[in-house]
Amino acid sequence: MTPAPAGTPSDPPLGLYLHVPYCTVRCSYCDFFLVPARGRGFEEYCGALAAEIGATSDTLRARSVDTLHLGGGTPSLLPAPLLGTLLDAARRVFRFAPEAEIGLEANPEDLEAARLAALCEQGIRRLTIGVQSLDDRSLKMLRRPHTARQALRSIELARKTPFRSLGADLILGLPGQDRAPTLAQIDTLLDLGVDHLSLYLLELHPRTRLGRETELGRLRPMGDDEAAGLYEEAADRLEARGFEHYEISNFARRGHRSRHNVKYWSDQEYLGFGPSAHSYAGGRRWMNRADLSAYLAGRGLDPGVIEDPQPRAGRGSEALCAGLRMLEGVDLEALRARYGRVIPEVGAPVLTELGDLGLVTIAGPRLILTRRGRLISNEVFLRLLERQDGEVSDSGAGDAVPGSRALS
Ligand code: SF4
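Since the structure is predicted, the reported quantities are computational estimates derived from the model, not experimental observations.

**Regarding the domain arrangement of the chain**
Move 1: Examined at the domain level, the chain breaks down into domain 1 (14-265) and domain 2 (312-400).
Move 2: Placing the centre of domain 1 and that of domain 2 at their C-alpha centroids yields a distance of 28 Å.
Move 3: Contact with domain 1, which involves 16 residues of that partner, is made by eleven residues of domain 2.
Move 4: Buried surface at the junction of domain 1 and domain 2, summed over both partners, amounts to about 1200 Å²; 53% is from carbon and sulfur atoms.
Move 5: In this structure, the connection of domain 1 to domain 2 is made through five salt bridges.
Move 6: Here Arg371 makes a salt bridge to Glu232, at a shortest N to O gap of 3.7 Å.
Move 7: Summed over the shared surface of domain 1 and domain 2, the number is nine residue pairs in polar contact (both at pLDDT 80 or more).
Move 8: Listed by contribution, the elements that provide at least two residues to the side of domain 1 that touches domain 2 are helix H8 (224-240), strand E9 (244-247) and helix H9 (259-265).
Move 9: For the side of domain 1 that touches domain 2, the element with the most residues is H8, which contributes six residues.
Move 10: The residue makeup of the side of domain 1 that touches domain 2, split by class, is eight nonpolar, two polar and six charged.

Structure, rendered in structure tokens:
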């Protein structure tokens, strides 16, 4: 291998995303790109992933990195030593900051005590457990491969392991979900000592089992108003217990925000590896083809890169919407300097109108969603992106704001 040139010291640190596309079963609400794990050769996949990382271009290798996130899919299916080889591959190419956030998404059924210790030894510092619900009937409806008891035990065990941050995901707005037990589930997770909680409102995709069942009338989804009310109560509960609502769907104890996800929301650069992974660096955005067979056939060295054709204005719109997801909102002047007139100026009529409706506030150059604005964020984003002539700009805003269901 040719020696890597030193990265430019002024380059901002990158985030790395390593995609693991395997799952034991497909959950009934999930429409992600993934493949069944049974009978799969994880060694072959990790070898291809390491090869793709090793083939990072000269312009990007040796850049500093301050976050690495293993997502999927279910990365906790990978044996800990294989995760170690992936981290080693990344460390050979990039300069890791001493306090880099190295995170892994995990399913409860994969987390026995010895495995948690092994993950920690491999350098995983942040663990996010896909709990989704602590009600067995809901878990069955969601086709999750674990019970509530397994989820609780995995958190208890993980809390005894020296991860720096421990997070959990919950879904709100499930058919048949009751208010009081759901809030009690949040209390339980906080009592167990999680540092970070992601609350996702259920999104029904027509291609998923849950989406089809709902369409056929076999399940009745929670109404938007009821889901919004539940979300607000959950947010109140979390804030009362010292959690910061730092992004539309995310709450953290002080010092435990997901630094990796913050990169996506604040227009910072990242590189993704594996089929379907996205990258953004040096003014370019691209994605790898979502085709595991082709990826393996090319041993990770021909990931089928697809350039993002989005023009600058569209990217600006996406950066605006993604940034508004954050508690601190966006610096309109900085975004305007980067993306031009697609970003509204402080004082623009649309901002006055949204401010009068109680959906946004302006603080200096910063535009910030109010709490009500956050609850109907997709509608605020669409209003912001309307052109002077009344058309909606081709921003891909829906893609830029996953997890934000329009509520009224
Ligand atoms: S574990 Fe996650 S990625 Fe896998 S099917 Fe379930 S929701 Fe989708």
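**Section: the pattern of salt bridges**
Move 1: Summed over the entire model, instances satisfying the criterion amount to 28 salt bridges.
Move 2: With a shortest N-O distance of 2.6 Å, Glu269 and Arg63 are connected by a salt bridge. Taken together, the residues Glu269 in the loop between H9 and strand E11 (270-273) and Arg63 in the loop between helix H1 (42-54) and strand E4 (64-72) connect sequence positions 206 residues apart.
Move 3: Owing to a relative accessible area of 5%, Arg63 belongs among the buried residues under this scheme.
Move 4: A salt bridge links Asp308 to Arg285; the shortest N-O distance between them is 2.6 Å. Residue Asp308 is located in the loop between strand E14 (305-307) and helix H11 (312-324), and its partner Arg285 is located in strand E13 (residues 284-288); the two are separated by 23 residues in the primary sequence.
Move 5: The class of Arg285 is buried, set by a relative accessible area of 14%.
Move 6: Several salt bridges share partner residues, and in doing so they unite Asp187, Asp191, Arg237 and Arg241 into one network.

Conventions and cut-offs
- Residues numbered from 1 in each chain as written.
- Predicted model: local features only at pLDDT ≥ 70, side-chain atom pairs only at ≥ 80, totals over all residues.
- Heavy atoms only, no water.
- Domains from an automatic or database assignment.
- Contact = heavy atoms within 4.5 Å.
- Buried area = accessible area lost by both parts, 1.4 Å probe.
- Salt bridge = Lys/Arg side-chain N within 4 Å of Asp/Glu carboxyl O.
- Polar contact = N/O pair within 3.5 Å; in protein donor to acceptor, adjacent residues only side chain to side chain.
- Helix = DSSP H or I, 4+ residues; strand = E, 2+ residues; numbered from the N terminus.
- Nonpolar A, V, L, I, M, F, W, Y, C, P; charged D, E, K, R; others polar.
- Buried < 20%, exposed > 50% of the residue type's maximum accessible area, 1.4 Å probe, protein only.

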